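Single-letter residue listing:
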Amino acid sequence: MKLKGNVFYVILILLPHSLFVSGSVDNALDVVDLRSEYICNPVGIDDPQPQLSWRLASSARGIMQTAYRILVASSPELLSSGKGDMWDSGKVYSSRSAGILYQGAALSSRKRCYWKVKIWTDRDTEGEWSEPAFFEMGLMNRDDWIGGWIAYVAGVPGRTLYFKGTMKHEGKTVKDARMYVSGIGFYEVYINGKKVGDHMLDPAQSTYSKRIYYVTYDVGKYLSEPEDGILIVVAPGWNGAPKLRTQLEVAYTDGSRGWMTSNEFRTFTTGAVMYSSIFDGEYYDARLENPELYKANVPFGNQVMNRDWGWAYNTDEPGGIMAAQKIEPIKVVETIAPVDVKEPLPGVYVFDAGQNLAGWAALKVQGKAGTKVTLRFAETVDDNGCINQRNLRFGKAEDTYILNGNGIETWEPAFTYHGFRYVQAEGLPQPPQPGDILVKRVRTAVDRTGTFRCSNHLLNDIYRMVVNTEASNLHSVPTDCPQRDERMGWLNDLTVRIEQAIYNFDMSRFFPKFIVDIRDTQDRDGSITCVAPFRFGNRPADPVCASYLLLAHKCYEFYGNRRMISDHFDGMKAWTDYLYSKTENGIVNYSYYGDWCPPGKLGVTPGSPVSRDTPGKLISTGYLYYCARLLSDMANVIGRDSEARQYRQFAAEIAAAFNREYWNEKTGGYASNNQACNSFALYMGLADEKKRPRVIANLVEDVKKNDYHLTTGNLCTKYLLEVLTENGHHEAAYKIATQTTYPSWGYMLQNGATTLWERWEFLTGGDMNSHNHPMMGSVGSWFYRYVLGIIPEFEYPAFERFTIKPYMFDELTFAEGELSTVKGVIRSEWKKDGKQLSFRVGVPPNTIATVYVPVRNSGVVTENNIETGTSNEVKFLKEENGYAVFLAGAGDYHFLSEL
């Protein structure tokens, strides 16, 4: 990889000077958005070498970083004076601005470091220092935790426990304070009656026997003298029985420090949250609310054991290491007013949120004490207008609120969530008024990164459906569905979902967390499990779970996260080797899912999710080949050259076996010659140049035979659209994408879907009938890669170089969108007016784009009204298959051409 970096730098020097000239620092060049571990000013991280990144901001064209210098100091004063006592990188000749490892003095627990960066452009033009940023370490060592875990081992089944403590300051003035908290399951912290932060459903899911996440809170502003009442409410969550570990550290203005650990929170009670379950919901009795709980000095004394108070004991550790939670927290990200309410039965009201989502309902109500209001959640309604919960299986999805009778009461749950469109309210004291029921969208608060819009309203609706589905399934793991008794991180779905998720959301912290979840399931033989964290499913995982490798591959490609590859390479290698150990004559000998959930008539039995015509072992073997290729690519990145060669050869051997077993010379296709088998072989590169034309022809013929409808399942749907598009049949792919009859995304929309279904069929019974399932959402990446044309390049990670190559579809008159990357915002916007094409492109600073401008053969292309042949702003490279290809540095460009 070092060689590639040097080659890239040489390219910068040799390309036309005007592409990369910054002029001078007067061009308003700023270094902005400094991040540590992809977080702005994080508090409580535990990586001994945090990854640093930044962006350049400038309106000038051609801005390119050629060198950088990082200073890290132990105080703002030292940093301001230009002294990097923790680290001075010196001048580093590189265009990299993401995934750069801190390489300074050893970092210790609680250490706060301040840093800034300056860059050079145009070979040696020096910029100004950035504004300072900081990162603060958490508790990095086991011994940093003074207290252990506490719990009430006698058990209060299903109940939420309220752990109580009082912090006394002994007349001292608080300067600063940190609270490190981990509850199993979910918890909330209150200081003097105020909730700390806006997180929900902390901590993030994990395999508790391997690691438990803690969160660091800056609580100085919550503390007041002379003492503070602290309440930590812990619900069963995923663990089933509440446990607590916490540590409060207070720094005073006189230089002294104060401490509280779990040992000072042993006094506990129960409260208004009487019952909480992820799948079943929450039961809240407002008559049990007790404001005294939040005050200091309640109760008095130690080891209180009576009807009101209990004493929590030190208990066994869950087993895993304590790890800082760096993933974005789950939050309420949106509040929605229902679009409709009906009364299908007397006193039963059904509220329609207007869209399927994940979250809960907030209630406003007034009535007599003891009145019971029940809120039940579902994705569909029956013919009688009441909700249909049959597809939830054993999940109850029901919240209950008991009124206290003290005027207008407002409430929403804290320790559960639901997947739903409809809320059925029973027991309301009076008919509901606007605002009495509000819907809260709740998910991991990752930022949106992409937008897409085009002239076809159906495609816009499909795009929104994909985004809404992904958003509904981000709850510290990428779940398969948010509503029924499952909500698991299935790896087979993720294999074709990763790209779509990255285009639409900032997954730079989410996916590094999830790959750790996968590694934590790995056995000594290299096998992983189908679900991470492993709650149920199979070991070994289905071979389709190439998502393990793709997470690292794509986070390097999109975010420049090299450490994901180095940290997980041995685990990914072990999984690939495990699959190889399960081969017979080069063919993987097992399969569970294969191309899961094709149209129902194509199952091994009618309605079965297992494909009848796509051999599972074909899919398994193809993914082993894919894993070997990915591993070889990633070995090159981290300098493991011998393994790069080894797995490249390994892939060639598997490819040969795949072709021996599944190539049919007579038909000119693979196995059954259906859409899945042929698109899969083409996408994976398993069909050589001699076979490819026949395979493509058969694939197109099958698409036509099915009247431009797909016959694929969750995996090969992605490959079908992309292979058709890249091999001269983009119009066929477009026709598939825009179908409105079964099976298609449009068919889902025609039948009222606002999120993707698990099956191509509209089913509402008690089987596999989720109506909010992202595994069919790979069309979302097709919008970005082929309609907008935004494609990263693995060889130049983090968009150092990238491609913009939109395809012109006959029916589309325009498309526009953008992608916010670690380097800045990439924009692609094209519009047809008769035979003239207007194509606008935005290239962020410190990147280079290869831009494919659609044009009639030998046609004239202008940029900013200047013929590109005479322009100093872009470099013409070649003509290729109806495109004029240019190299463009940073800036906004407007191309005009004739089609």
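Structure shown above.
In this structure, what is going on with helix 4 (residues 457–471)? I would like to understand it.
One turn of the α-helix equals 3.6 residues, which is why residues spaced by three or four share an orientation. Taking 1.5 Å of rise per residue, the 15 residues of helix 4 would be expected to cover 21 Å, and the 21 Å separating its terminal C-alpha atoms lies within 8% of that figure. Within helix 4, twelve of the 15 residues are buried, leaving the element largely enclosed by the surrounding structure. Among the residues of helix 4, those classed as buried are L458, L459, N460, I462, Y463, M465, V466, V467, N468, T469, E470 and A471. Sitting at the head of helix 4, N456 places a side-chain oxygen 2.8 Å from the backbone nitrogen of L458.

Quick question: what am I supposed to make of the pattern of salt bridges here?
A side chain with one charge may pair with a side chain of the opposite charge, provided their charged atoms come close. For the structure on display, the rule yields 58 salt bridges. Two residues, K195 and E188, come together in a salt bridge whose shortest N-O distance is 3.0 Å. On the basis of relative accessibility, which here comes to 7%, the residue E188 falls in the buried class. Here R759 makes a salt bridge to E761, at a shortest N to O gap of 3.9 Å. Given the relative accessible area of 15%, E761 is considered buried.

Mind showing me how you'd approach the pairing of strand 17 (residues 243–252) here?
The side chains of a regular strand alternate between the sheet's two faces. The buried count for strand 17 comes to ten of ten residues, which makes it a mostly enclosed element. With burial as the criterion, each face of strand 17 is covered, one bearing K243, R245, Q247, E249 and A251 and the other bearing L244, T246, L248, V250 and Y252. Sheet topology note: the strand 12 (residues 174–184)/strand 17 ladder contains ten bridges and is antiparallel. Bridging across to strand 17, I184 finds its partner in K243. Pairing of strand 17 with strand 18 (residues 257–261) involves five bridges; the strand directions are antiparallel. Bridging from a neighbouring strand, V250 pairs with G258 of strand 18.

I tried to follow the nonpolar core on my own but got confused; where do I start?
Nonpolar side chains tend toward joint burial in soluble globular proteins. Within the largest apolar cluster, 221 residues are counted, with the highest numbers of intra-cluster contacts made by F511, W575, Y623, W745, W782 and F895. Considering every element that reaches this core, the biggest residue donor is helix 10 (residues 616–637), with 13 residues. Beyond its immediate sequence surroundings of up to four residues, W745 is in contact with I462, M465, L710, T717, L721, I736, A737, L756, W760, M776 and V779. Within the second largest apolar cluster, 28 residues are counted, among which are V196, V215, I230 and V250.

Help me understand the sheet that holds strand 1 (residues 30–36), please; the structure alone is not making it clear to me.
Across a sheet, strands are paired by hydrogen bonds formed along the backbone, either parallel or antiparallel in direction. Read from one edge to the other, the open sheet built from three strands follows the order 1-3-6, with strand pairing classed as antiparallel. Every other strand in the sheet has two partners, leaving strand 1 and strand 6 (100–101) as the edge strands with one partner each. Here strand 1 pairs with strand 3 (residues 51–57) via five bridges, running antiparallel. Bridge pairing in strand 3 links R35 to S53.

Just to check I follow, could you spell out the environment of K295 for this structure?
Structurally, K295 is set in the loop between strand 21 (281–285) and strand 22 (310–311). Each C-alpha atom, one on K295 and one on H169, is 15 Å from the other, the two residues being 126 residues apart in sequence. In this view, K295 contacts K164 and G229; residues no more than four positions away in its chain are not counted.

Help me understand the sheet that holds strand 45 (residues 848–854) in this model?
Taken in spatial order, the five strands of this open sheet run 40-41-45-49-48, and their pairing is mixed. A strand with exactly one partner marks an edge of an open sheet, and here the two such strands are strand 40 (790–792) and strand 48 (874–880). Across the sheet, the mean angle separating the axes of adjacent strands is 20° when strand polarity is ignored. Sheet strands touched by helix 17 (residues 779–788): strand 40 and strand 41 (801–804). Its angle to strand 40, the strand with the most contacts, is close to 105°.

Looking at this model, I keep getting lost on the packing of aromatic side chains. Mind explaining?
Counted according to the given criterion, the structure contains 56 aromatic pairs. Ring centres 5.7 Å apart and planes at 80° place the aromatic pair Y592 and Y593 in the edge-to-face group. Relative accessible area serves as the criterion here: at 28%, Y592 is assigned to the partly exposed category. Since its relative accessible area comes to 11%, Y593 is described here as buried. Note on F839 and F895: the rings are 6.2 Å apart at their centroids and 40° apart in plane angle, and the pair reads as tilted. Separated by 56 residues along the polypeptide, F839 in strand 44 (residues 836–843) and F895 in strand 50 (residues 891–898) bring together distant segments of the chain. Look at F895 and you get buried, because its relative accessible area is 0%. Grouping aromatic residues by their ring pairs yields a cluster made of F452, Y463, Y503, F558, Y734, W782, F783, Y784, F799, F802 and F809. Sitting over the face of the ring of F505, R448 holds its NZ or CZ atom 5.6 Å from the ring centroid. Directly above the aromatic system of W663 lies the positively charged group of K691, at a separation of 5.5 Å from the ring centroid.

Explanation requested: the packing of helix 7 (residues 510–519) against helix 8 (residues 547–559) in the structure shown.
Relative placement of two packed helices is described by the angle separating their axes and the distance separating the axes. Where helix 7 contacts helix 8, the two axes come as close as 10 Å, and the packing angle between them is 155°. If you check the angle between helix 7 and helix 8, you find them roughly antiparallel. Every pair of crossing elements has a handedness; the one defined by helix 7 and helix 8 is left-handed. Along its contact with helix 7, which presents F511, P512, F514, I515, I518 and R519, the element helix 8 presents Y548, L551, A552 and C555. Residues that form the contact of helix 7 with helix 8 fall into these classes: nine nonpolar, no polar and one charged.

What is the right way to look at the packing of helix 8 against helix 10 in this model?
The contact between helix 8 and helix 10 brings their axes to 10 Å, and the two run at 40°. Considered as vectors, helix 8 and helix 10 are oriented oblique to each other. In this structure, helix 8 crosses over helix 10, and the sense of that crossing is left-handed. Packed against helix 8, whose contacting residues are L549, L550, A552, H553 and Y556, the element helix 10 presents Y626, C627, L630, L631, D633, M634 and V637 at the interface. Of the residues belonging to the contact of helix 8 with helix 10, the class tally is ten nonpolar, one polar and one charged.

Even after reading the chapter, I still don't get helix 12 (residues 675–684), so can you show me in this structure?
Across the ten residues that make up helix 12, a large majority, nine, are buried. When we look at burial in helix 12, the residues that qualify are Q675, A676, C677, N678, S679, F680, A681, L682 and M684. Where the residues of helix 12 are buried, they touch helix 10, helix 11 (641–662), strand 39 (669–670), helix 13 (692–705) and helix 14 (716–726). Backbone geometry just downstream of helix 12 places G685 in the positive-phi region, at approximately 80°.

What is the right way to look at the side chain of S97 in this model?
The topology assignment puts S97 in the loop between strand 5 (87–88) and strand 6. Judged by relative accessible area, which is 2%, S97 ranks as buried. A polar atom in the side chain of S97 sits 3.4 Å from the side chain of N846. Residues contacting S97, with those up to four places away along its chain left out, are L52, S53, W54, Q65, K823 and N846.

Explain the environment of Y68 here, please?
With respect to the helices and strands, the residue Y68 is situated in strand 4 (residues 65–73). Relative accessible area serves as the criterion here: at 7%, Y68 is assigned to the buried category. Taking the C-alpha atoms as reference points, Y68 and P203, 135 residues apart in sequence, are found 37 Å from one another. For Y68, the residues in contact, after removing those within four places along its chain, are W54, S89, G90, K91, V92, S94, R96, I100, V117, K118, I119 and W120.

Where do I start with unusual backbone geometry in this structure?
Trans is the prevailing form of peptide bonds, just as negative phi is the prevailing case for residues other than glycine. A cis amide bond links I184 to the next residue, G185, at an omega of 5°. For G185, the location among the structural elements is in the loop between strand 12 and strand 13 (187–191). For the bond from R539 to P540, the omega torsion is 5°, close enough to zero to count as cis. By the secondary structure assignment, P540 is in the loop between helix 7 and helix 8.

Conventions we followed
- Residues numbered from 1 in each chain as written.
- Predicted model: local features only at pLDDT ≥ 70, side-chain atom pairs only at ≥ 80, totals over all residues.
- Heavy atoms only, no water.
- Helix = DSSP H or I, 4+ residues; strand = E, 2+ residues; numbered from the N terminus.
- Expected span 1.5 Å × (residues − 1).
- Buried < 20%, exposed > 50% of the residue type's maximum accessible area, 1.4 Å probe, protein only.
- Polar contact = N/O pair within 3.5 Å; in protein donor to acceptor, adjacent residues only side chain to side chain.
- Salt bridge = Lys/Arg side-chain N within 4 Å of Asp/Glu carboxyl O.
- Pairing = 2+ DSSP bridges.
- Core = buried A, V, L, I, M, F, W, Y, C linked by side-chain atoms within 4.5 Å.
- Contact = heavy atoms within 4.5 Å.
- Axes fitted to C-alpha atoms, helices over the stretch in contact; angles between N-to-C directions.
- Phe/Tyr/Trp six-rings, centres within 6.5 Å; stacked < 30°, edge-to-face > 60°.
- Lys NZ or Arg CZ within 6 Å of the ring centre and 35° of its normal.
- Parallel < 35°, antiparallel > 145°, perpendicular 65-115°, else oblique.
- Left-handed = near helix turned anticlockwise from the far one by under 90°.
- Nonpolar A, V, L, I, M, F, W, Y, C, P; charged D, E, K, R; others polar.

Nothing here speaks to function; it is all geometry.
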